[in-house]
Amino acid sequence: MAAGSEEVEQVTDDLLVLLLRQLTVESDRFAEMFGESHGLHRTDLNALAVIMDAARMGDPMSPSRLASALHLSASATTAVLDRLERAGHLYRDRSATDRRKVELRMHDQARRIGAEFFQPLGERYAEAWRDLGEDERRAVARFLRNSIAATVEVRGRLAP
């Protein structure tokens, strides 16, 4: 598509679905490159993302919450956590407020390795979005939030 052609192109629902799907596929390919270079399964990468996002929100992640978030059995969750722990990406820590609870924490080295790999993509995204005004950014954020919510809602309806 030529620069500026998106302004004359009709932005249909079908086009938005197509573009969102293409972004998802490209993002998956990018994440898989990271996983392959560090011996991580896709589920391992998803687990790290969920743990990292929870930490960013100040909400410690437990093994049971991780299992629910990734729709994994307890044994599959344990296998993921064992792999990530062996690889030095996370550790299990007792909660400071309730010693019966286990909280999952990422090692600083895992954060650093991830940042080194994903930072160039973040920088390139920032370049690509540089000419978007505040109203456009709000519209994109609303679009993404609504798309995520719709995906979660339909996935929930279709889940066994």
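Residues numbered from 1 in each chain as written. Predicted model: local features only at pLDDT ≥ 70, side-chain atom pairs only at ≥ 80, totals over all residues. Heavy atoms only, no water.

The name given to the protein in an unreviewed UniProt entry is MarR family transcriptional regulator, and the organism recorded there is Amycolatopsis coloradensis.

Novice: Account for the overall build of the protein, with residues named and values stated.
Specialist: Scanning the protein from terminus to terminus reveals six helices and two strands. Listed N to C, the secondary structure of the protein is α-α-α-α-β-β-α-α in terms of helices and strands. Viewed in the frame of its principal axes, the protein has a C-alpha envelope of about 60 × 35 × 30 Å. Taken across its 160 residues, the protein has 20% of its residues classed as buried. (Helix = DSSP H or I, 4+ residues; strand = E, 2+ residues; numbered from the N terminus. Buried < 20%, exposed > 50% of the residue type's maximum accessible area, 1.4 Å probe, protein only.)

Novice: So what about the environment of Glu 134? Which residues, and what values?
Specialist: Mapping Glu 134 onto the fold places it in helix H6 (residues 134-158). The spatial distance from the C-alpha of Glu 134 to the C-alpha of Glu 123 is 18 Å, given a sequence separation of 11 residues.

Novice: Break down the pattern of salt bridges for me, with residues and values.
Specialist: Considering all chains together, one arrives at 13 salt bridges under this definition. Asp 44 serves as the salt-bridge partner of Arg 83, at 2.7 Å between the closest nitrogen and oxygen. Here Arg 83 is found in helix H4 (residues 74-86), whereas its partner Asp 44 is found in helix H2 (residues 42-56), with 39 residues between them in sequence. Given a relative accessible area of 0%, Asp 44 falls into the buried group. (Salt bridge = Lys/Arg side-chain N within 4 Å of Asp/Glu carboxyl O.)

Novice: Which residues make up the nonpolar core, and what are the values?
Specialist: One finds Ile 51, Leu 66 and Leu 84 to be the most contacted residues of the largest nonpolar core, which totals 19 residues. Residue assignment for this core shows that the elements contributing at least two residues are helix H1 (13-38), H2, helix H3 (63-70), H4, strand S2 (102-106) and helix H5 (108-129). Element by element, the count of residues in this core is highest for H2, at five residues. Setting aside residues no more than four positions away along its own chain, Leu 66 makes contact with Ala 47, Val 50, Ile 51, Met 61, Thr 77, Leu 81 and Leu 104. (Core = buried A, V, L, I, M, F, W, Y, C linked by side-chain atoms within 4.5 Å. Contact = heavy atoms within 4.5 Å.)

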